[in-house]
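So the chains spell out like this:
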There are 2 protein chains.
Amino acid sequence: MALSYSTCPFSGSPARIRLAMLRRSFLKAALALPSGGVLGRFERLVAADRGKVKITGIKLKPVSGVAHTLVRIDTDAGLSGYGESGVSGAMMKAWLERYAPLLIGQDPLAIQVHFHRMSTLMHPYMARIPALSGIDMALWDLAGRLSGRPVYQLLGGPFRERVPMFINSQPRDMLEKAAVRDWAAKLREDPLGFKAVKIDAARPIGRPSGRYTTTLSNQDLRKIRTAFENVRQELGPEYDIMVHCHNEFDLPSSVGIARAVEQIEPTWLEDPLPVAFSDSWVSLKRASRVPLLTGEKLEMPHGFYPFLQHQAVDYIYPDIAFCGGLTGIVKIATLAALYRIPVATHNVGGILLTMASIHFGLSIHDFLTSETRLGQTRDVLAMAKNPPEIQGGSAGVPEGPGLGVELDEAGVRRFQRPEDPPEWV
Amino acid sequence: MALSYSTCPFSGSPARIRLAMLRRSFLKAALALPSGGVLGRFERLVAADRGKVKITGIKLKPVSGVAHTLVRIDTDAGLSGYGESGVSGAMMKAWLERYAPLLIGQDPLAIQVHFHRMSTLMHPYMARIPALSGIDMALWDLAGRLSGRPVYQLLGGPFRERVPMFINSQPRDMLEKAAVRDWAAKLREDPLGFKAVKIDAARPIGRPSGRYTTTLSNQDLRKIRTAFENVRQELGPEYDIMVHCHNEFDLPSSVGIARAVEQIEPTWLEDPLPVAFSDSWVSLKRASRVPLLTGEKLEMPHGFYPFLQHQAVDYIYPDIAFCGGLTGIVKIATLAALYRIPVATHNVGGILLTMASIHFGLSIHDFLTSETRLGQTRDVLAMAKNPPEIQGGSAGVPEGPGLGVELDEAGVRRFQRPEDPPEWV
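Participant: What am I meant to see in the overall build of chain A here?
Facilitator: A count of helices and strands for chain A gives 14 helices and 13 strands. Put simply, 72% of the contacts in chain A that link residues at least 6 apart link residues at least 24 apart. Per element, the accessible surface of chain A, about 16,200 Å² overall, is 53% carbon and sulfur.

In structure tokens:
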């Protein structure tokens with residue numbers, strides 16, 4: 001009753017109890033196996049159980065090509081965990097001034113405690129959820145490596161054998177039928193077999209996406225309708241088409257877009273209205289026959305709460321590098337499950353965020369699909385020495401411990417810009 | 001109709017139109033005056049009217065002693081504007097990478113346009129409202145200096161002749177009557193005459209304030225009751241007492257605190273529940289006879305919207321260095337006025353934030369009171385060569401242009417820490 005941190009710092013945190021239970025059951029199985037790798041793992045497991053593993057340092061590597069920063073958490077057990085934060089190197093460095101003192105010297109397995117302390121930080125500055133997201137991801141990777149388990153098992157999965165994925169891709173000119181036909185032909189030849197594609201709504205009308213715009217005219221809306229009809233005609237009914245906005249439209253324009261694309265039966269209309277919840281989202285939902293989705297810029301359960309509570313969207317769409325890491329998205333998904341709303345994952349990041357999305361997608365019942373940057377470049381896979389198995393537009397179950405990939409530093413370098421230091425700093 | 005930025009970048013922004021009108025009416029008055037300072041001001045005004053003033057640079061000065069960063073916006077007119085952001089130097093530097101390119105070379109008077117562009121920045125990173133708050137404050141200071149007007153006039157005030165203020169102060173031990181008596185005697189001797197004081201609720205029970213805590217016991221609540229009864233007894237009925245929490249309590253504890261302090265008739269109970277809105281705020285409001293206040297960690301109108309919409313608090317409490325600067329707080333106050341909810345201002349910052357709070361307090365009808373750090377140290381006033389006139393617990397109308405103070409660099413230095421560069425960087 002009424003215990004504060006000072007009297008009872010970490011005992012009984014749910015993550016720790018669950019991890020301890022997992023480790024014990026795994027131990028029984030592992031000791032029965034003849035594999036040569038088991039003893040080292042066993043020693044590490046014992047060390048972890050005895051609370052001997054401590055965080056010794058946190059290093060960063062900005063990858064400006066995906067506008068993210070990689071995080072490495074080192075321990076005195078000689079193992080490190082890796083994560084990816086949805087902020088720049090300079091931003092991550094600024095927040096690490098606040099977060100490192102909360103973590104150095106601590107048991108890395110007390111993930112829920114670390115998440116709580118980082119996310120409730122208030123003075124002198126507020127918590128920065130996208131900055132702690134990569135730290136949390138690295139702690140889960142580390143917990144997996146310490147216990148010899150893939151993250152999806154630590155999260156209680158798998159619910160399925162493959163995780164559906166989709167790409168971003170766009171014809172050069174959606175209003176020019178020949179261009180759409182060429183683009184569609186290339187898409188069908190994709191060796192990774194993606195059959196779900198997200199397409200910008202603002203492109204056919206020549207507006208810069210991501211910048212607030214004034215009311216669309218009927219002429220604009222007719223162009224959008226024609227553009228998406230061309231795409232549907234060339235891709236056929238088997239493809240999933242997502243209509244992509246960037247929170248730049250006003251309410252009448254959003255309703256107009258929803259009606260303009262209704263006939264092509266898009267999988268969803270994404271982010272037409274501003275990021276924060278307002279009753280206009282409810283108005284749009286009532287006026288639209290197209291499923292609505294939002295969430296890539298929302299943080300923590302409280303960011304999604306009004307959208308769920310007011311039945312404003314059909315799907316939610318958190319980004320694990322932004323919304324609060326794996327710990328954060330699990331809490332968000334728990335809330336969504338209460339409303340029976342499926343979860344998709346936003347991902348325009350690198351290999352670590354891609355792996356985190358796959359593990360999460362295996363770990364909840366009502367997972368819809370995960371975005372991937374593979375539509376823009378296959379170099380994402382070169383960021384790992386052992387990239388995930390992706391075919392037929394979906395990813396298989398990762399086998400290794402933690403997030404299941406070893407970074408390929410040369411592959412990571414491809415996403416760095418001249419200003420990014422190549423070493424971990 | 002449907003003009004985008006590319007076709008119509010700045011024309012007709014409300015701020016610019018209003019400023020132009022103000023400058024014109026001021027010009028007529030100024031030209032009739034014999035003052036020697038008018039001609040220089042006139043030239044500057046003309047230069048501004050012709051759109052010749054451009055932002056040439058933005059400099060920073062971290063003041064870690066108040067956990068804020070000062071912002072200086074330089075122009076080719078030789079005038080600079082000064083503001084204060086509620087973030088660290090490292091955070092401000094990180095965000096300036098995004099904001100400086102939006103501002104350099106632009107007309108500083110297009111304040112609404114700059115606010116819109118900074119606050120709707122989405123890719124690759126979200127806007128950081130506390131970082132842009134100081135930039136916005138500096139733009140208002142600059143607009144005042146360019147037009148020769150105090151900021152409260154640019155904002156359409158004054159509504160009153162003095163701005164009420166309150167301090168933070170606390171007896172060494174609220175449960176020890178002699179200590180409370182000594183403290184109260186000192187408070188009554190205060191030459192600045194403050195008769196409103198905010199006091200931590202967690203101190204009497206020995207909890208570290210600002211850190212989430214588990215449920216308070218009846219013993220805890222009785223201590224809080226006794227502590228605040230001691231304070232009321234020594235201060236008498238003429239003093240305003242605010243009960244200070246830091247978002248650290250759960251719902252039953254918050255209800256318990258509200259009931260424990262009910263008898264002493266506090267002016268408000270502040271921030272007992274977590275920062276983000278939830279229906280528990282409504283539950284607390286229904287269970288409490290004590291006025292509730294929140295908002296120091298909320299940003300933009302959308303942060304305050306659910307609290308207003310659900311009638312969850314009696315007062316809102318934005319911080320101009322955090323919520324979106326002067327432009328942001330005016331928008332927030334407009335929303336609050338719709339609900340007939342008064343606005344108070346949070347302020348634990350330096351002289352610039354103090355001045356911004358005074359100007360804002362003069363500019364809206366239903367302003368309650370502004371916090372000041374003067375209860376902790378009078379050095380805040382030494383940050384200006386011409387500090388504001390404060391007596392009888394309130395501030396007078398500032399007379400100078402802009403925010404009305406010239407920084408005293410030696411006074412600012414008192415709030416810097418060894419790691420803060422003394423020069424503007």
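Participant: I keep staring at the sheet that holds strand β1 (residues 55–63) of chain B and nothing clicks. Help me out?
Facilitator: Hydrogen bonds between backbone groups are what pair the strands of a sheet, and the pairing can be parallel or antiparallel. Residue and element names in this part refer to chain B. Spatial ordering of the open sheet is given by β1-β2-β3, a layout of three strands whose pairing is antiparallel. The open sheet has two edge strands with one neighbour each: β1 and β3 (80–85). For this sheet, the mean angle separating the axes of adjacent strands, direction not counted, is 20°. Relative to β3, strand β2 (residues 68–75) runs antiparallel, the two being bridged by six bridges. Paired with Ile73 across the bridge in β3 is Gly81. On the sheet, helix α5 (residues 129–147) packs against β1, β2 and β3 and is oriented at approximately 150° with respect to β3. Contacts from helix α13 (residues 351–363) reach β2 and β3, with the element oriented near 95° to β3.

Participant: Which parts of the structure should I look at to understand the relation of the copies chain A and chain B?
Facilitator: The operation relating the two chain copies consists of a rotation about an axis and a shift along that axis. Relative to chain B, chain A is turned by 180° and slid 0.0 Å along the rotation axis, the superposed coordinates differing by an RMSD of 0.0 Å. On this basis, the relationship between the two copies can be described by a two-fold rotation axis. The position closest to the rotation axis in chain A is occupied by the C-alpha of Met91 of chain A, lying 3.0 Å away. Counting the interface residues of chain A, we find that 100% of their copies in chain B are interface residues as well, pointing to one common contact surface.

Participant: What exactly am I supposed to notice about the pattern of salt bridges here?
Facilitator: Pairs can form between side chains of opposite charge whenever their charged atoms are close. Residue and element names in this part refer to chain B. For the coordinates displayed, the defined rule picks out 34 salt bridges over all chains. Glu389 is paired through a salt bridge with Arg162; the nearest N and O atoms lie 2.9 Å apart. On the criterion of sequence distance, the pair formed by Glu389 in the loop between α14 (379–382) and β12 (390–391) and Arg162 in strand β4 (residues 162–168) is long-range, its members being 227 residues apart. Arg162 gets classed as partly exposed once you look at its relative accessible area, which sits at 31%.

Participant: Could you clarify how one ought to interpret the sheet that holds strand β3 (residues 80–85) of chain A in this entry?
Facilitator: All names here are of chain A. If you trace the three strands from one edge of the open sheet to the other, you get β1-β2-β3, paired in antiparallel fashion. The outermost strands of the open sheet, each flanked by one partner alone, are β1 (55–63) and β3. Ignoring which end each strand starts from, the neighbouring axes of this sheet average 20° apart. Relative to strand β2 (residues 68–75), β1 is paired through eight bridges, and the arrangement is antiparallel. Considered in β2, the bridge of Lys61 is made with Leu70. Strands β1, β2 and β3 of the sheet are contacted by helix α3 (residues 89–103), whose axis makes an angle of about 170° with β1.

Participant: Just checking my understanding: could you explain helix α3 (residues 89–103) of chain B for this structure?
Facilitator: Along an α-helix, residues three or four apart share an orientation, since each turn contains 3.6 residues. Of all bends in α3 of chain B, the biggest is about 45°, found at Glu97 of chain B, and the proline Pro101 of chain B comes one to four residues later. Listed as buried for α3 of chain B are Gly89, Met91, Met92, Ala94, Trp95, Leu96, Tyr99, Ala100, Leu102 and Leu103 of chain B. On its buried face, α3 of chain B sits against α3 of chain A together with β1, β2, β3, α4 (111–119) and α5 of chain B. Just downstream of α3 of chain B, Gly105 of chain B is the residue with a positive phi angle, here 85°.

Participant: Can you walk me through the pairing of strand β6 (residues 240–244) of chain A in this structure?
Facilitator: All names here are of chain A. Summarising burial for β6: four of the five residues are buried, a large majority. Bridging between strand β5 (residues 196–200) and β6 involves five bridges; their strand directions are parallel. Bridge pairing in β6 links Ala196 to Asp240. Chirality of the crossover, the property in question, places the unit of β5, helix α8 (residues 218–235) and β6 among those that are right-handed. As judged from the three bridges shared by β6 and strand β7 (residues 268–270), these two strands associate in the parallel manner.

Participant: Is there a simple way to explain helix α4 (residues 111–119) of chain A in this structure?
Facilitator: For α4 of chain A, the buried fraction is high: seven of the nine residues fall into the buried class. Turning to α4 of chain A, its buried residues number three or more, namely Ile111, Gln112, Val113, His114, Phe115, Met118 and Ser119 of chain A.

Participant: Would you mind going over the side chain of Asp74 of chain A with me for this structure?
Facilitator: For Asp74 of chain A, the position within the fold is in strand β2. For Asp74 of chain A, the contacting residues outside a window of four places in its chain are Lys54, Ile55, Thr56, Gly57, Lys59, Leu79 and Ser80 of chain A.

Participant: Whenever I open this one, the environment of Ala395 of chain B confuses me. Can you help?
Facilitator: All names here are of chain B. Mapped onto the elements of the fold, Ala395 is located in strand β13 (residues 394–396). Residue classification places Ala395 among the buried residues on the basis of a relative accessible area of 0%. In this structure, the C-alpha to C-alpha distance between Ala395 and Glu161, residues 234 residues apart in sequence, is 8.6 Å. Ala395 has contacts with Glu161, Arg162, Val163, Met165, Ile358, Glu389 and Ile390, leaving out every residue within four places of it along the chain.

Participant: Is there a simple way to explain the packing of aromatic side chains in this structure?
Facilitator: How two aromatic rings sit relative to each other is set out by the distance from centre to centre and by the angle between their planes. The final tally for this structure, using the stated rule, is 15 aromatic pairs over all chains. Put simply, the rings of Phe166, Trp268, Tyr315 and Tyr317 of chain A touch in pairs and so form one group of aromatic residues.

Participant: Help me out: how do you make sense of the interface of chain A and chain B in this one?
Facilitator: Opposite the 42 residues of chain A that make contact, chain B presents 42 residues. A combined buried area of about 3,700 Å² lies between chain A and chain B, and 67% of that area is made up of carbon and sulfur atoms. Applying the counting rule to chain A against chain B returns zero salt bridges. Put simply, chain A and chain B have four residue pairs in polar contact (both at pLDDT 80 or more) between them. Secondary structure elements with two or more residues in the side of chain A that touches chain B: α3 and α11 (300–309) of chain A. Here the side of chain A that touches chain B takes six residues from α3 of chain A, the largest share from any one element. Of the residues assigned to the side of chain A that touches chain B, the class counts are 19 nonpolar, 15 polar and eight charged.

Participant: How should I be thinking about the packing of α3 of chain B against α5 of chain B in this particular structure?
Facilitator: Geometry of a packed helix pair, given as the angle between the helix axes and the separation of the axes. All names here are of chain B. Running from N to C, α3 and α5 point in directions that differ by 55°, and their axes come no closer than 10 Å. Comparing their axes, α5 and α3 come out oblique. For α3 against α5, the interelement crossing comes out right-handed. Here α3 contributes Met92, Trp95, Leu96, Tyr99 and Leu103 to the contact with α5, which in turn contributes Ala131, Leu132 and Ile135. Among the residues making up the contact of α3 with α5, the classes are represented as eight nonpolar, no polar and no charged.

Participant: Would you take a moment to explain unusual backbone geometry for this structure?
Facilitator: Excluding glycine, a negative phi dihedral is what most residues carry, and trans is how most peptide bonds are arranged. Residue and element names in this part refer to chain A. A cis amide bond links Gly157 to the next residue, Pro158, at an omega of 10°. Following the sequence through the fold, Pro158 ends up in the loop between α6 (151–154) and β4 (162–168). The residue Gln311 is not glycine, and still its phi comes out positive at about 50°. With respect to the helices, strands and loops of the structure, Gln311 is situated in the loop between α11 and β9 (315–316). Relative accessible area serves as the criterion here: at 53%, Gln311 is assigned to the exposed category.

Participant: Is there a simple way to think about the side chain of Thr213 of chain B in this case?
Facilitator: Residue and element names in this part refer to chain B. As for its placement among the helices and strands, Thr213 is situated in the loop between β5 (196–200) and α8 (218–235). When its relative accessible area of 13% is taken as the criterion, Thr213 is described as buried. At 2.3 Å, the side chain of Thr213 forms a polar contact with the side chain of Arg207. Among residues more than four places away in sequence, those in contact with Thr213 are Arg207, Glu248 and Phe249.

Rules behind the numbers
Residues numbered from 1 in each chain as written. Chains lettered and ligands numbered in written order. Predicted model: local features only at pLDDT ≥ 70, side-chain atom pairs only at ≥ 80, totals over all residues. Heavy atoms only, no water. Helix = DSSP H or I, 4+ residues; strand = E, 2+ residues; numbered from the N terminus. Contact = heavy atoms within 4.5 Å. Areas by Shrake-Rupley, 256 points an atom, 1.4 Å probe, with all protein chains shown as cover. Pairing = 2+ DSSP bridges. Axes fitted to C-alpha atoms, helices over the stretch in contact; angles between N-to-C directions. Least-squares fit on C-alpha atoms with pLDDT ≥ 70 in both. Salt bridge = Lys/Arg side-chain N within 4 Å of Asp/Glu carboxyl O. Buried < 20%, exposed > 50% of the residue type's maximum accessible area, 1.4 Å probe, protein only. Bend = angle between axes of the 7 residues up to and from the residue. Right-handed = clockwise from strand over helix to strand, strands pointing away. Phe/Tyr/Trp six-rings, centres within 6.5 Å; stacked < 30°, edge-to-face > 60°. Buried area = accessible area lost by both parts, 1.4 Å probe. Polar contact = N/O pair within 3.5 Å; in protein donor to acceptor, adjacent residues only side chain to side chain. Nonpolar A, V, L, I, M, F, W, Y, C, P; charged D, E, K, R; others polar. Parallel < 35°, antiparallel > 145°, perpendicular 65-115°, else oblique. Left-handed = near helix turned anticlockwise from the far one by under 90°.

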